[in-house]
Amino acid sequence: MYQDTNNLHIATENITKSYRSGDAKTVALKNVSLRIAQGEFIMITGRNGSGKSTLLHQLGLLDSPDTGEIYINGREVTRLSEKKRMDMRLRQLGYIFQEYALVAELSALENVMLPAMMIGTSKDARDKALTLLAKVGLRDKARRLPTQLSGGEQQKVAIARALINAPRILFADEPTANLDTIASKDVLRIFKSLNEQEHITIAMITHEPEELEYATRHIKLSDGKLV
Ligand code: ADP
Ligand code: MG
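Quick caveat, the model's predicted, so the values are computed rather than measured. (Residues numbered from 1 in each chain as written. Chains lettered and ligands numbered in written order. Predicted model: local features only at pLDDT ≥ 70, side-chain atom pairs only at ≥ 80, totals over all residues. Heavy atoms only, no water.)

For the coordinates displayed, the defined rule picks out three aromatic pairs. Plain terms: the ring middles of F41 and F191 are 6.5 Å apart, the flat faces sit at 85° to each other, and that makes the pair edge-to-face. Of this pair, F41 sits in strand β3 (residues 41-45) while F191 sits in helix α6 (residues 181-198), and the two are 150 residues apart along the sequence. An angle of 20° between the planes, with centres 5.8 Å apart, marks the rings of Y95 and F171 as stacked. Here the residue Y95 occupies a position in strand β6 (residues 93-97), and F171 occupies one in strand β7 (residues 169-173), the gap between them amounting to 76 residues. Relative accessible area serves as the criterion here: at 15%, Y95 is assigned to the buried category. Judged by its relative accessible area of 2%, F171 is buried. One aromatic cluster is present, built from ring pairs that chain together Y95, F97 and F171. (Phe/Tyr/Trp six-rings, centres within 6.5 Å; stacked < 30°, edge-to-face > 60°. Helix = DSSP H or I, 4+ residues; strand = E, 2+ residues; numbered from the N terminus. Buried < 20%, exposed > 50% of the residue type's maximum accessible area, 1.4 Å probe, protein only.)

Here is the structure:
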C-alpha cells in the first residue's frame, strides 16, 4: 500500500511484537504504523520499557514483528528470507549502539573494515576505512585497540564502521547514553552532517530532551504505542 509514495524510505503498517518468557507475555509494540521519508532525521523518545529498542529492531530488520508489515524503499521486507535480510542489513542499513559493539581484538581500522570484508570488497576497504576514520577525526588513531580509545572515540569508530558499505539508513539506539556532553555533541554533529550533506535517513533513540533539536522530527512511544 506504500509503493506509490516516491520518497518514502521506511514504513511500518500495524506492527505488533510480544515477548514470551515462561508463562509471562509482554506486548512491546501495539499496532505501530509509522512512515519515515527519505532524508528525515527521526528521534524516538519514551520511558524505559516503552518499546523503543523493539521498534528500532523491527525497522532495522534485526527482528521480525508478530503481525503487520515493514517496507523499505517501498518494498515489503517483512517476510524476506534470512539471507536477503542479512544482505539488506549489510549493504543498505547501518547500526550504532549504546555500547559501541566493537570487536575488542581488532584495531579501529580493522573494526571499520569488517562489514566491507563481509561483502567481499576487501580491495579498497582499507582506503575507505581510513577515509571514514579521518572524517570522524580519528585518522591518527587507526591502529589503536578499542580499550586504547575513549568512549566518544569508540563511538566514532562505530559510526565509521556503520558507514563503510555506504548505507542509506542509519539506526542508532541511545548512541550518546554513555558519553559526556562534549563527545555527545560530536556524535550528534556527525549525524546531522550525514543527514544534511549526504541525505542519509536516520532513526535514533534518545533520553536527552536537548538532543531533539538535531532531529527533523520527534516521535514518542508510550506503552508500545505511538503518541
Ligand atoms: P525501551 O527500549 O523503550 O526501553 P524495549 O523495546 O527494550 O523498551 O522493551 C519493551 C518491553 O519489552 C519491555 O517491557 C521489556 O522488558 C520487554 N522486552 C524487551 N526485550 C525483551 C526480550 N528479549 N525478552 C523479553 N522481554 C523483552
Ligand atoms: Mg532500549
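Before going further, it helps to examine the sheet that holds strand β10 (residues 225-226). The strand order β6-β7-β8-β3-β9-β10 describes an open sheet built from six strands, whose pairing is mixed. Bordering the open sheet on either side are β6 and β10, each of which pairs with just one other strand. Across five bridges, β6 lies against β7 in parallel orientation. The partner of L93 across the bridge, within β7, is I169. Sheet strands in contact with helix α2 (residues 82-92) are β6 and β7, and its direction is about 75° off that of β6. (Pairing = 2+ DSSP bridges. Contact = heavy atoms within 4.5 Å. Axes fitted to C-alpha atoms, helices over the stretch in contact; angles between N-to-C directions.)

So, about the site of ligand 1. Ligand 1 sits among Y19, T26, A28, R47, N48, G49, S50, G51, K52, S53 and T54. Between ligand 1 and the protein, one listed contact pairs an oxygen atom with a backbone N or O atom of G49 at 2.7 Å. Bound to the protein, ligand 1 loses 60% of the 560 Å² it would expose on its own. When residues of the shell around ligand 1 are traced back to their parent elements, those giving at least two are β2 (24-37) and α1 (52-59). For the shell around ligand 1, the per-class residue count stands at two nonpolar, seven polar and two charged. (Near = heavy atom within 4 Å. Polar contact = N/O pair within 3.5 Å; in protein donor to acceptor, adjacent residues only side chain to side chain. Areas by Shrake-Rupley, 256 points an atom, 1.4 Å probe, with all protein chains shown as cover. Nonpolar A, V, L, I, M, F, W, Y, C, P; charged D, E, K, R; others polar.)

Here we take up α1. Taken across its eight residues, α1 has six buried, putting it largely inside the fold. One or two positions beyond α1, positive phi appears at L61, with a value near 60°.

A word on the pattern of salt bridges. Tallied over the entire structure, the rule returns 13 salt bridges. Put simply, E82 and R89 hold a salt bridge, and the shortest N to O gap is 2.8 Å. Classification of E82 as partly exposed rests on a relative accessible area of 47%. Across the pair K135 and E198 runs a salt bridge, and its minimum N-O distance is 2.4 Å. (Salt bridge = Lys/Arg side-chain N within 4 Å of Asp/Glu carboxyl O.)

Our focus in this paragraph is the sheet that holds strand β4 (residues 67-72). With antiparallel pairing, four strands are arranged side by side in an open sheet as β2-β1-β4-β5. Of all strands in the sheet, those bounded by a partner on one side alone are β2 and β5 (75-76). In this structure, strand β1 (residues 8-21) lies alongside β4, joined through five bridges in antiparallel fashion. Directly across from T12, in β4, lies its bridge partner I70. In the packing of α1 onto the sheet, contacts are made with β1, β2 and β4, and the angle to β2 comes to roughly 55°.

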